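# Results of the structural survey
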Amino acid sequence: MQKSLLIEPEKCTSCLQCEMACSFEHEGSFNPAKSRIKVFEFEHGRRAIPYTCTQCAEAWCLHACPVEALARNPTTGAVEVKEDVCVGCKVCTIACPFGTINYNRDSGKVAKCDLCGGDPQCAAACPTGAITFVDSDWTGYERMKAWAAKTDNQPRA
Amino acid sequence: MDYVVVGAGPAGVIAAETLRRADPSGAVTLIGDEPAAPYSRMAIPYLLAGDIEPAGTHLRHGTGHYRAHGIKVVKGRRVTRVAAKSRVLTLDDGAKVKYDKLLVATGSRPVRPPIKGIDLPGIESCWTLADAAAIARKAKPRSRVVLMGAGFIGCIILEALAARKVDLTVVEMADRMVARMMDRQGGDMIKRWCEGRGVKVLTSTRVEAIEKTKTGFRLAIGRRAALEADLVVCATGVAPNVEFLKGSGVETEFGILVDHGLRTSVPDIFAAGDVAQGPELITGKPEVHAIQPTASEHGRVAALNMAGVPSHYRGSLSMNVLNTLGLISSSFGHWQGLPGGEIAEASDPDHFCYLRLCFKDDRVVGALALGLTQHVGVIRGLVQTGLPLGPWKKALQRDPHQVMNAYLDLTKAVP
Ligand SMILES: Cc1cc2nc3c(=O)[nH]c(=O)nc-3n(C[C@H](O)[C@H](O)[C@H](O)COP(=O)(O)OP(=O)(O)OC[C@H]3O[C@@H](n4cnc5c(N)ncnc54)[C@H](O)[C@@H]3O)c2cc1C
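Sequence positions are assigned chain by chain, starting from 1 and proceeding in written order. For naming, the first written chain is A and the first written ligand is 1, with later ones following in the order written. Where totals are concerned, whole chains, interfaces and linings use all residues; where local detail is concerned, this predicted model gives features only for residues with pLDDT of at least 70, and gives and counts side-chain atom pairs only at 80 or more. Computation of side-chain values covers all heavy atoms of the structure but excludes hydrogens and water.

## What about the overall build of chain B?
Numbering of helices and strands starts at the N terminus; helices are DSSP runs of H or I of at least 4 residues and strands are runs of E of at least 2. Tallying secondary structure elements over chain B gives 10 helices and 26 strands in all. Both definitions apply: the radius of gyration is a C-alpha atom measure, and the globule rule equals 2.2 Å times residues to the power 0.38. Scaling as 2.2 N^0.38, a compact globule of 415 residues should have a C-alpha radius of gyration of about 22 Å, and chain B matches this with 23 Å. On the principal axes, the C-alpha backbone points of chain B span a range of 70 × 60 × 40 Å. Burial status across chain B gives 57% buried among its 415 residues. Throughout, a contact is declared for two residues whenever any of their heavy atoms are within 4.5 Å. Of the contacts made within chain B by residues no fewer than 6 positions apart, 61% connect residues no fewer than 24 positions apart. Where accessible areas are quoted, they stem from the Shrake-Rupley method and a 1.4 Å probe; at the residue level, only the protein chains shown are allowed to cover. Counting every atom, chain B has about 17,200 Å² of accessible surface; 53% of that belongs to carbon and sulfur. Residues scored as positive are Lys and Arg, those scored as negative are Asp and Glu, and His as well as the terminal groups of each chain are ignored. One atom stands in for each charge, and that atom is NZ of Lys, CZ of Arg, CG of Asp or CD of Glu. In chain B, the 51 positive side-chain charges and the 41 negative ones have mean positions that sit 4 Å from each other. Throughout this description, buried means an accessible area under 20% of the type-specific maximum (1.4 Å probe, protein chains only), exposed means over 50%, and partly exposed covers the range between.

Spelled out as structure tokens, the structure:
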């Protein structure tokens, strides 16, 4: 069974361990600016949400690529960037409606979450369980539940 | 079922692959007039800059991709006529090809302004792999190059020519660079940035005539001035390849008119990509959006409908991303604004930073961004989904840079 990142923002304390782990895994340095997962803060840090690619089924990035530099890893289900093929044209960065594939000026290529080949370091580093790596079915279920809870008629506190 | 796709660019290739998947038993033929394996024009600048080899421009890699997918590729053959009643194509060698469903994905070709000397040998367009090879032979370090046209394509070529370390002058008729993708403010910032990096940029300037000199060319600009050049590259616009459809009954305006299913006015003939003029996402008006994402989306939807899988295309969204010597800019949708809409801008010219959002009613309909590379895709997300902004509209009007937070909140990603 393929696994996905399950993100539960209510558990996020904005400690940025995920960004550190991600940049270290991919860039070899602790540099949140280069992280493929990004924590966004609301209300001056009172709420935070870790945000990264959901490896969506539509794969807008993949379809927009002019040179087939993006491909889905059949084992992990992640859409991965082939750095040796990517020409750095950035069309995927404007085509992806989630904003989760971005240009890296240093490499001259684009970068996105690749689930670390099946062992996502952000999840491993998260101390509060806000990011976990779980069976895909379960995240689908949880997402539906979360969505249903938000779209019902109850006013939000 | 015999499916024939004319034009082996991104729209044609994606359509052929989609046809194969949607109708495993149909015969799929892809006919293109260029000699090389199907490639992406938009990879040409990176070839010119020396970043990749010619094979790096190919749409699909690995030998035998098309054969493995049961797609018959006919290279170096031009379709010259379409007999719609009998459903027969004529090729330039006289051969006839029968079709049941036809996709026209013939793209566009460069056009030049009608001035004296414009067709002299050695004045190059930058549209095909062959063009790129011709430019590469002549664009040597320090050679004097005049680039005519600073539109989107011109500016992409500018970047590649600069990488070849030529002595570069850009001549543009309009009052600013990338006039169709940037407003005055953004265009001026790009110009100032390029000038600061050693490129001469002449806007509101017209090349009046070109003549041959002993070593190259002399370009008359304005009344008295002239430019000397070893190489002239022309990026002065394009026209769709529709001539071979004469007599077929396929209706054209600027491009081939298509509906939300990419159908033309003639049954069983479809069109996709740069050659097609189809509904725009927000207004629904027929427009040509000559960009890679539209070619890809058109190709897919057209193929599905050809194969009998009813598919509705909501419409194309104009979007571009440009790198001019390290300054990255992007544009989305109706960045000029729509009648009755509102506009919010945040600009920091000293740091070459600019963000402009255009609203209509309760949604974002267009945007410009300069100096922004992280998460720009969410702007497409907002425009594409037409997400009602609610209270975020006011917040965005105050500070356009809140766009990511607005997006996250509105898509309910935040608890
Ligand atoms: C230098 C350059 C840079 C670009 N950069 C970008 C960019 O950064 N972002 C972006 O979104 N877009 C960019 N584009 C535009 C993009 O390349 C096009 O939108 C895209 O190629 C359109 O695909 P298409 O399949 O519709 O047409 P094309 O790619 O033009 O393919 C059509 C093919 O059909 C062939 N053909 C024409 N007539 C016939 C006939 N009668 N019989 C047989 N074959 C025929 C043509 O020769 C061609 O091979 C760039 C273009 C150029 C030239």
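## Comments concerning the packing of helix 8 (residues 377–385) of chain B against helix 10 (residues 403–410) of chain B
All names here are of chain B. Think of each axis as a best-fit line through the C-alpha atoms, taken over the contacting stretch in the case of a helix, with angles from 0 to 180 degrees between the N-to-C directions. With their axes 10 Å apart at the nearest point, helix 8 and helix 10 run at an angle of 50 degrees to one another. In terms of orientation, helix 8 and helix 10 fall into the oblique class. The chirality of how helix 8 crosses helix 10 is left-handed. When helix 8 is examined against helix 10, the residues Val378, Ile379, Gly381 and Leu382 are found in contact with a partner set consisting of Val403, Met404, Tyr407 and Leu410. Looking at side-chain class alone, the contact of helix 8 with helix 10 contains 7 nonpolar, 1 polar and no charged residues. Should an angle fall under 35 degrees it is taken as roughly parallel, and over 145 as roughly antiparallel, whereas 65 to 115 is taken as roughly perpendicular and any remaining angle as oblique. Working rule for handedness: look at the near helix, and if it is turned counterclockwise from the far one by less than a right angle, call the crossing left-handed; if clockwise, right-handed. Asp, Glu, Lys and Arg are counted as charged, while Ala, Val, Leu, Ile, Met, Phe, Trp, Tyr, Cys and Pro are counted as nonpolar; the rest, among them Gly, fall into the polar class.

## Describing the domain arrangement of chain A
Residues and elements named next belong to chain A. You can read the domains of chain A as domain 1 (1–52 + 117–152) and domain 2 (55–112). Between domain 1 and domain 2, the residue contacts involve 9 residues of the former and 10 residues of the latter. Note on domain 1 versus domain 2: buried area summed over both sides is about 700 Å², and carbon and sulfur give 45% of it. When the area that domain 1 buries against domain 2 is broken down by residue, the three leading residues are Gln2, Arg36 and Tyr51, summing to 59%. Any Lys or Arg side-chain nitrogen located within 4 Å of an Asp or Glu carboxyl oxygen qualifies as a salt bridge. Linking domain 1 with domain 2 are 1 salt bridge, by the criterion used here. The partner of Lys34 in a salt bridge is Asp106, and the shortest N-O contact between them spans 2.8 Å. Residue ranges assigned to the domains are those given by an automatic or database domain assignment. Using a 1.4 Å probe, buried area is obtained as the accessible area two parts lose upon being combined, added over both of them.

## As for the side chain of Glu17(B)
All names here are of chain B. By the secondary structure assignment, Glu17 is in helix 1 (residues 10–22). Polar side-chain contacts of Glu17 include one of 2.7 Å to the side chain of His65. Discounting residues that sit within four places of it in the chain, Glu17 has contacts with Arg60, His65 and Ile71. In protein, a polar contact means a hydrogen-donor-capable atom and an acceptor-capable atom, both N or O and within 3.5 Å, with residues adjacent in sequence counting only if both atoms are side-chain atoms; elsewhere, any N or O pair within 3.5 Å suffices.

## Brief notes about the pairing of strand 7 (residues 101–104) of chain B
All names here are of chain B. Burial of strand 7 is two-sided: the residues Lys101 and Leu103 facing one way and the residues Leu102 and Val104 facing the other way are all buried. In this sheet, strand 7 lies alongside strand 1 (residues 2–6) in parallel orientation, the contact comprising 4 bridges. Considered in strand 7, the bridge of Val6 is made with Val104. Sheet topology note: the strand 7/strand 19 (residues 269–271) ladder contains 3 bridges and is parallel. The residue bridging Leu102 from the neighbouring strand is Ile269, located in strand 19. One bridge is not enough; two strands pair if DSSP finds at least two bridges between them.

## Quick notes on the pattern of salt bridges
In a structure, side chains of opposite charge can pair up when their charged atoms sit close to one another. All names here are of chain B. Per the counting criterion, the structure on display carries 28 salt bridges over all chains. Here Asp175 ties to Arg184 by a salt bridge, and the two come within 3.2 Å at their closest N and O atoms. Accessibility expressed as a relative area gives 44% for Arg184, which makes it partly exposed. Within the structure, one salt-bridge network assembled from shared partners comprises Asp175, Arg176, Arg184 and Asp188.

## Some points on the confidence of the model for chain A
Every residue is assigned a pLDDT by the predictor, reflecting its confidence on a scale from 0 to 100. For chain A, the average pLDDT comes to 88, and 87% of its residues sit at 70 or higher. Below pLDDT 50 for its whole length, residues 147–157 of chain A participates in 7 contacts with residues either more than four positions away or in separate chains.

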